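# Residue-level structure breakdown
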Amino acid sequence: MGENIENIEVYFDGACEPVNPGGIATFGFVIYRNGGILKEGEGLACKPFSSYASNNVAEYTAMLKALEFVVKNGLCDEHVHVTVKGDSQLTIRQMNGIYAVRAPRIIPLFKRAKELTKNIKHIRFVWVPREQNTAADELSHQAYTEYVDTHPEIRDKIKSYGATEKQKALMDRLKIKYDEYISKREASRLIRRKLGGGRNG
């Protein structure tokens, strides 16, 4: 019986740059089937610079888009085991019933996620450190870069939030990969993480 079990792994991530909340919320996800990439997705989580835009909204949107793909493509049967992995403790713990869901902007997303999981026979939600979630993380940041690239009118709006030349020089020295429009906030997080020996921060 064990040999026809299909393993689906979903990795999801979200970002809200250059400020959180109220910035440009983007998402990324990667779905693996038995170890090979089945689907990748990225995009805007909601209207940029709206009060709705936040990191948590982006994370939930990433997870929802991935779950919608799983359900739509019938990966829900008895022989399919779905593991959803993310580095957002809030999202994973809320889906596992450990944390309550109180934020008004999250409640409808949480309800939708719970509705989708009802269709999936075997599903579990697992927290992973950020270092194990790089593919989905890169896709969410790629979506941010693409949005700014295609909306040059907002570049002035985000300029004041941009990483300093000093930060960029340090990231280059530390061999940290970063986006063209990286914010000061994100740059300092990446530098801290690198200097802290890869701890999640």
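Everything below is about the structure shown above.
Residues numbered from 1 in each chain as written. Predicted model: local features only at pLDDT ≥ 70, side-chain atom pairs only at ≥ 80, totals over all residues. Heavy atoms only, no water.

### Considering the overall build of the protein
For clarity, the cut-off: Numbering of helices and strands starts at the N terminus; helices are DSSP runs of H or I of at least 4 residues and strands are runs of E of at least 2. Throughout, the radius of gyration refers to the C-alpha atoms, and the reference size of a globule is 2.2 Å times the residue count to the power 0.38. In this analysis, two residues are considered to be in contact whenever any of their non-hydrogen atoms come within 4.5 Å of each other. Method for areas: the Shrake-Rupley scheme with a 1.4 Å probe, in which residue coverage is limited to the protein chains shown.
Scanning the protein from N- to C-terminus turns up seven helices and five strands. Of the regular secondary structure in the protein, the N- to C-terminal order runs β-β-β-α-β-α-α-β-α-α-α-α. Against the compact-globule benchmark of 17 Å for 201 residues, the protein has a radius of gyration of 18 Å, which places it among compact chains. Each principal axis of the C-alpha atoms in the protein carries an extent, and together these give about 60 × 35 × 30 Å. Of the contacts made within the protein by residues no fewer than 6 positions apart, 66% connect residues no fewer than 24 positions apart. Summing over all exposed atoms, the protein offers an accessible surface of approximately 10500 Å²; the carbon and sulfur share of this is 51%.

### Considerations on the pattern of salt bridges
When their charged atoms lie close together, side chains carrying opposite charge are able to pair. Let me state the cut-off plainly: The working definition used for a salt bridge is a side-chain nitrogen of Lys or Arg within 4 Å of a carboxyl oxygen of Asp or Glu.
Summed over the entire model, instances satisfying the criterion amount to nine salt bridges. Among the salt bridges present, the one from Lys85 reaches Glu9, with a minimum N-O distance of 2.6 Å. Taken together, the residues span a long stretch of sequence, with Lys85 in strand S4 (residues 80-86) and Glu9 in strand S1 (residues 6-17) at a distance of 76 residues. Glu186 serves as the salt-bridge partner of Arg189, at 2.7 Å between the closest nitrogen and oxygen. Residue Arg189 and its partner Glu186 are both found in helix H7 (residues 184-195); the two are separated by three residues, about one turn of the helix.

### Considerations on the nonpolar core
To keep things clear, this is the line we draw: Among buried residues, the Ala, Val, Leu, Ile, Met, Phe, Trp, Tyr and Cys ones that are joined through side-chain atoms within 4.5 Å form a nonpolar core. Exposure categories follow from relative accessible area, calculated using a 1.4 Å probe and restricted to protein chains: below 20% of the type maximum is buried, above 50% is exposed, and the middle band is partly exposed.
Residues Ile8, Val10, Ile31, Met63, Val70, Val82 and Val84 are the most contacted members of the largest nonpolar core, which totals 35 residues. Secondary structure elements with two or more residues in this core: S1, strand S2 (24-33), helix H1 (55-72), S4, helix H2 (89-95) and helix H3 (107-117). Per-element accounting of this core gives the leading share, 10 residues, to H1.

### Topic: the side chain of Thr26
Heads up, the condition is: In the analysis that follows, any N or O atom pair within 3.5 Å is treated as a polar contact, provided that within protein one partner can donate a hydrogen and the other can accept it, and provided that, for residues neighboring in sequence, both atoms belong to side chains.
Looking at where Thr26 falls in the secondary structure, it is placed in strand S2. Polar side-chain contacts of Thr26 include one of 2.7 Å to the backbone oxygen of Ser140. Filtering out sequence-adjacent residues up to four positions away, Thr26 remains in contact with Asp13, Gly14, Ala15, Gly43, Leu44, Ala45, Ala58, Ser140, Ala143 and Tyr144.

### Some words on the pairing of S2
To be explicit about the condition: Criterion used throughout: strands pair if DSSP finds at least two bridges between them.
Summarising burial for S2: nine of the 10 residues are buried, a large majority. From the end of S1 to the start of S2, which pair antiparallel, there are six residues, and Gly22 there has a positive phi angle of about 90 degrees. By the bridge criterion, eight bridges tie S2 to strand S3 (residues 36-44) in an arrangement that is antiparallel. Of the residues in S3, the one forming a bridge with Tyr32 is Ile37. Between S2 and S3, which pair antiparallel one after the other, the connecting turn spans two residues, and Asn34 there sits at a positive phi close to 50 degrees.

### Some points on the packing of H1 against H3
Rules: Angles run from 0 to 180 degrees between N-to-C directions of axes, and those axes are lines fitted to C-alpha atoms, restricted for helices to the stretch in contact. Working definition: roughly parallel below 35 degrees, roughly antiparallel above 145 degrees, roughly perpendicular at 65 to 115 degrees, and oblique for all remaining angles. Less than a right angle of anticlockwise turn of the near helix away from the far helix marks a crossing as left-handed, whereas a clockwise turn marks it as right-handed. Three classes are used, and their members are as follows: Ala, Val, Leu, Ile, Met, Phe, Trp, Tyr, Cys and Pro are nonpolar, Asp, Glu, Lys and Arg are charged, and the others, Gly among them, are polar.
Two numbers describe how H1 lies on H3: the axes approach to 10 Å, and their chain directions differ by 25 degrees. As the angle between them shows, H1 and H3 are arranged roughly parallel. Considering the relative orientation of H1 and H3, their crossing is left-handed. Touching Val57, Tyr60, Met63, Leu64, Leu67, Glu68 and Val71 of H1 are Leu109, Phe110, Arg112, Ala113, Leu116 and Thr117, all from H3. Grouping the constituent residues of the contact of H1 with H3 by class yields 10 nonpolar, one polar and two charged.

### Structural notes on the packing of aromatic side chains
Describing an aromatic ring pair means giving the distance of the ring centres and the angle of the ring planes. Stated formally: A pair of aromatic rings is counted whenever rings of Phe, Tyr or Trp (Trp by its six-membered ring) have centres within 6.5 Å, and the orientation is called stacked for planes under 30 degrees apart, edge-to-face for over 60 and tilted otherwise. For a ring to carry a charge above it, either NZ of a lysine or CZ of an arginine must fall within 6 Å of the ring centroid while also lying within 35 degrees of the normal to the ring plane.
Per the stated rule, a full pass over the model turns up two aromatic pairs. Relative to Phe29, the ring of Phe27 has its centre 6.5 Å away and its plane inclined at 5 degrees; by these criteria the two rings are stacked. Above the plane of the ring of Phe49 lies Lys157, whose end atom (NZ or CZ) is 3.9 Å from the centre.

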